[in-house]
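Examining the three-dimensional arrangement
Residue-level listing of the chains:
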Amino acid sequence: MRIVFVATLLALALPACGANPTPVPISALLKDPDAYDGKEVRISGAAVVRFEAVFVCQFVDDIVGDSKRCLWMVPGDISDGAVRLAPMHNRVVEITGVFRAKRHGHMGAYGGELVVTKYAILDKHERGDVPPVPPSPPGS
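Our next topic: unusual backbone geometry. Its identity as a non-glycine residue notwithstanding, Asn 90 has a phi of 60°, on the positive side. Mapping Asn 90 onto the fold places it in the loop between β5 (81-82) and β6 (91-100). When its relative accessible area of 5% is taken as the criterion, Asn 90 is described as buried.

Once that is clear, we can look at the packing of aromatic side chains. Under the criterion given, the structure shown has two aromatic pairs. Centre to centre, the rings of Trp 72 and Tyr 110 are 5.3 Å apart; their planes meet at 40°, and the pair counts as tilted. Of the two residues, Trp 72 is situated in strand β3 (residues 70-75) and Tyr 110 in the loop between β6 and β7 (112-124); the sequence distance between them amounts to 38 residues. The class of Tyr 110 is buried, set by a relative accessible area of 7%. Clustering of aromatic rings is evident, with ring pairs tying together Phe 55, Trp 72 and Tyr 110.

Another aspect to go through is the confidence of the model for the protein chain. In this model, the protein chain carries a mean pLDDT of 83, and residues with pLDDT of at least 70 account for 78%. Ranking the elements of the protein chain by mean pLDDT puts helix α1 (residues 2-16) last with 45 and helix α2 (residues 26-31) first with 97. Throughout residues 1-15 the model reports pLDDT below 50, and contacts reaching past four residues in sequence, or to other chains, amount to two contacts.

In terms of nonpolar packing, the biggest core is built from 31 residues, with Ile 43, Phe 55, Val 56, Met 73, Leu 85, Met 88 and Ile 95 touching the most fellow members. Secondary-structure elements contributing two or more residues to this core are α2, β1 (40-50), β2 (53-57), β3, β6 and β7. When neighbours within four sequence positions are excluded, Val 56 is seen to be in contact with Ile 26, Ile 43, Gly 45, Ala 46, Ala 47, Cys 70, Leu 71, Met 73, Val 93 and Ile 95.

Moving on: the environment of Ile 95. Inspection of the secondary structure assignment puts Ile 95 in strand β6. Residue Ile 95 is classed as buried on the basis of its relative accessible area of 0%. Considered as a pair, Ile 95 and Val 115 are 20 residues apart in the sequence and their alpha carbons are 9.5 Å apart. The residues contacting Ile 95, other than those within four sequence positions of it, are Val 41, Arg 42, Ile 43, Val 56, Met 73, Met 88, Leu 114, Val 116, Lys 118 and Tyr 119.

So, about the pattern of salt bridges. The tally for this structure, following the rule as stated, stands at six salt bridges. The residue Lys 102 makes a salt bridge to Asp 34 at a minimum N-O spacing of 3.3 Å. Of this pair, Lys 102 sits in the loop between β6 and β7 while Asp 34 sits in helix α3 (residues 33-36), and the two are 68 residues apart along the sequence. Take Lys 102: its relative accessible area is 61%, and that puts it in the exposed class. A salt bridge links Arg 100 to Glu 113; the nearest nitrogen and oxygen atoms lie 2.9 Å apart. Linking Arg 100 in strand β6 with Glu 113 in strand β7, this pair joins segments that are 13 residues apart in sequence.

Thresholds, definitions, all that
- Residues numbered from 1 in each chain as written.
- Predicted model: local features only at pLDDT ≥ 70, side-chain atom pairs only at ≥ 80, totals over all residues.
- Heavy atoms only, no water.
- Helix = DSSP H or I, 4+ residues; strand = E, 2+ residues; numbered from the N terminus.
- Buried < 20%, exposed > 50% of the residue type's maximum accessible area, 1.4 Å probe, protein only.
- Phe/Tyr/Trp six-rings, centres within 6.5 Å; stacked < 30°, edge-to-face > 60°.
- pLDDT = per-residue confidence, 0-100.
- Contact = heavy atoms within 4.5 Å.
- Core = buried A, V, L, I, M, F, W, Y, C linked by side-chain atoms within 4.5 Å.
- Salt bridge = Lys/Arg side-chain N within 4 Å of Asp/Glu carboxyl O.

Now the structure itself:
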């Protein structure tokens, strides 16, 4: 009887402690940002990490679209220092972090901010690199 009680108590307490937050689509965070503000969330998406562009979008196609549909990322502090974001460049990732609804990243361009505490790389994509500068027209 005691074992069942302790197991039930742990099952109820662990999710409340944020041990493994429920996955939330980025679109849900952006649709109701106040409901998630300051809360630990787990999202999946396509990440880009380059100069003045450190963000994650729900879909790869959103990378070149409206940046308001994406989240700016900042490294969170962990026991051995800040989380390194660079390995996420051009990767599909699952990220756990704290959502901040009132912060919007570089020049206010993003739908919100995610303080990254951990991540896992799931796959790769090729949409996050800046296209090359087109050649000058002939005769110029």
